[in-house]
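Spelled out, the chains give:
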Amino acid sequence: MNAKKVNIAIIGLGFGAEFIPIYQKHPNANLVAICQRNETKLNELGDTFGIKKRYTSYDDLLLDMEIDAVHINTPIPDHGLQSIKALKAGKHVACTVPMATTVEECMEIVELTQKKGLTYMMMETVVYAREFLYMKELYEQGQLGKIQFLKASHQQDMDGWPNYWPGLPPMHYATHCVGPVLALTRGEAEYVSCFGSGTIREELIAHYNSPFAVETTHIKFRNSDLSAQVYRSLFDVARQYRESFEVYGSKKSVEWPLIEGKPLVVHTAKRPEPEIPEEIESPDFAKLLPPEIQHFTTQGVYDSDEHQHLSFTQGAGHGGSHPHLVHEFIHALLENKSPYPNAKQSANITCVGILAHESALKGGEIIKLPEFTLS
């Protein structure tokens, strides 16, 4: 890694392909390699974007001394092991959510970053979405007053999704709602209690021996008077897709819209009752980014003057977060500083979900977060 450029490899080119042009245009990144088991797709994307180094083997890629860091965008069950392999090979790691599927994998990742002096960042989209950044700005300016309570949800109908998705316990993929409630105040979860509710279809239960249609978790913050509530559903619940985050302060509160695409609702204390709520369109936060990648917060990653890609339109989902994630990771590596969320913070966020499901299976039993997830 030279003083001004980080050599990046992207692993997994489904969702991962969305990041190719962002890294290519970031002033401090070199996208030097891509990795995908499907050689036809690998070559197609390599040709399209002029990337010479192409790997069908992840293990072979990790032997490449030119690569400083990997950005992992593979299926959830692979995240922990692939992150561990990369850290053992001396590579910095950015990984899409969740960090891992077991507490043990999370612990090994944290220990490896400490042992080897490497950087790990979980690429949690919600904590860089424009709506979250707007609430964070209000909080940092003091406009929210004292934070009193936080709430978040992630509801999605996953019927028809392949591989490991059928019957997945709701809290095993909870970072999109756990992340923002902890991130606003940079808080840490101390312990959780979770209740399951309802029952999914018998054929779905069999996959993970998990019956719950909805899981609702209370998170007690460490060294704080705060708690948060998060809830999650994946099957047999009638609900439009919703990743929501809400914050309740003494001066102002901000609530996510009930219907996708509607404005946020900001409540201001001590106004006449009908004037308390107002709808606010969240501003964009491209101003926080280098000029070269600012347009990726609102336009298609593959916009009309480049290459069309049908899988995702930037700004229509994930709140324009992708360029912010890339910049946070690259900036952390260049400045030798900790990104948010770093390995411990990522483990705290991820283990909330893993342990919450365990709590639900035990009727809501309180379970403490392990020490390695705490600062």
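Residues numbered from 1 in each chain as written. Predicted model: local features only at pLDDT ≥ 70, side-chain atom pairs only at ≥ 80, totals over all residues. Heavy atoms only, no water.

Undergrad: Please clarify how the pattern of salt bridges should be interpreted in this entry.
TA: Pairing between side chains becomes possible if they bear opposite charge and their charged atoms approach one another. If you walk through the whole model with that rule in mind, you get 17 salt bridges. Between K85 and D59 there is a salt bridge whose closest N-O contact spans 3.0 Å. Taken together, the residues K85 in helix α4 (residues 79-88) and D59 in helix α3 (residues 58-62) connect sequence positions 26 residues apart. With a shortest N-O distance of 3.3 Å, E278 and R271 are connected by a salt bridge. When its relative accessible area of 31% is taken as the criterion, E278 is described as partly exposed. Judged by its relative accessible area of 33%, R271 falls in the partly exposed class. (Salt bridge = Lys/Arg side-chain N within 4 Å of Asp/Glu carboxyl O. Helix = DSSP H or I, 4+ residues; strand = E, 2+ residues; numbered from the N terminus. Buried < 20%, exposed > 50% of the residue type's maximum accessible area, 1.4 Å probe, protein only.)

Undergrad: Teacher, can you tell me more about helix α7 (residues 175-183) here?
TA: Because the α-helix completes a turn every 3.6 residues, residues three or four places apart line up on one side. Buried residues dominate α7, accounting for 9 of its 9 residues. Those residues of α7 not exposed but buried are T175, H176, C177, V178, G179, P180, V181, L182 and A183.

Undergrad: What am I meant to see in helix α6 (residues 130-140) here?
TA: With respect to burial, α6 is a largely interior element, 8 of its 11 residues being buried. Taken together, the buried positions of α6 are R130, E131, F132, L133, Y134, M135, K136 and L138. Considering only its buried residues, α6 is in contact with α7, β11 (242-249), β12 (252-255), β13 (264-268), β14 (277-280) and α9 (322-335). (Contact = heavy atoms within 4.5 Å.)

Undergrad: Can you walk me through the environment of P98 in this structure?
TA: Within the secondary structure, P98 sits in the loop between β5 (92-95) and α5 (103-116). The class of P98 is buried, set by a relative accessible area of 1%. C-alpha separation for the pair P98 and I72, spaced 26 residues apart in sequence, amounts to 11 Å. Excluding residues within four positions of it along the chain, P98 makes contact with I76, H79, M122, H172, Y173, T175 and T350.

Undergrad: In this structure, what is going on with the packing of aromatic side chains? I would like to understand it.
TA: The geometry of an aromatic ring pair is captured by two quantities: the separation of the ring centres and the angle between the planes. Evaluated as defined, the whole model comprises 6 aromatic pairs. With centroids separated by 5.5 Å and ring planes inclined at 85 degrees, the aromatic side chains of F15 and F19 adopt a geometry described as edge-to-face. Given the relative accessible area of 1%, F19 is considered buried. Here the aromatic rings of F132 and F245 are separated by 5.5 Å at their centres, their planes lie at 45 degrees, and the arrangement is tilted. In this pair, F132 sits in helix α6 while F245 sits in strand β11, placing the two residues 113 residues apart along the sequence. Ring-pair connections join several aromatic residues into one group, and the members of that group are W161, Y164, W165 and Y173. Across from the ring centre of Y340, 3.8 Å away, lies the NZ or CZ of R186, which sits over that ring. (Phe/Tyr/Trp six-rings, centres within 6.5 Å; stacked < 30°, edge-to-face > 60°. Lys NZ or Arg CZ within 6 Å of the ring centre and 35° of its normal.)

Undergrad: What is the right way to read the pairing of strand β4 (residues 69-72) from this model?
TA: Regular strands show a simple pattern: their side chains alternate between the two faces of the sheet. The alternating pattern of β4 places A69 and H71 and V70 and I72 on opposite faces, both of which are buried. By the bridge criterion, 4 bridges tie strand β1 (residues 6-11) to β4 in an arrangement that is parallel. Residue pairing across strands places I8 opposite A69, the latter belonging to β4. Of the strand pairs in this sheet, β4 and β5 are connected by 4 bridges, and their pairing is parallel. Note that in β5 the partner of I72 across the bridge is C95. Following the backbone out of β4, through α4 and into the adjacent parallel β5, one traces a crossover that is right-handed. (Pairing = 2+ DSSP bridges. Right-handed = clockwise from strand over helix to strand, strands pointing away.)

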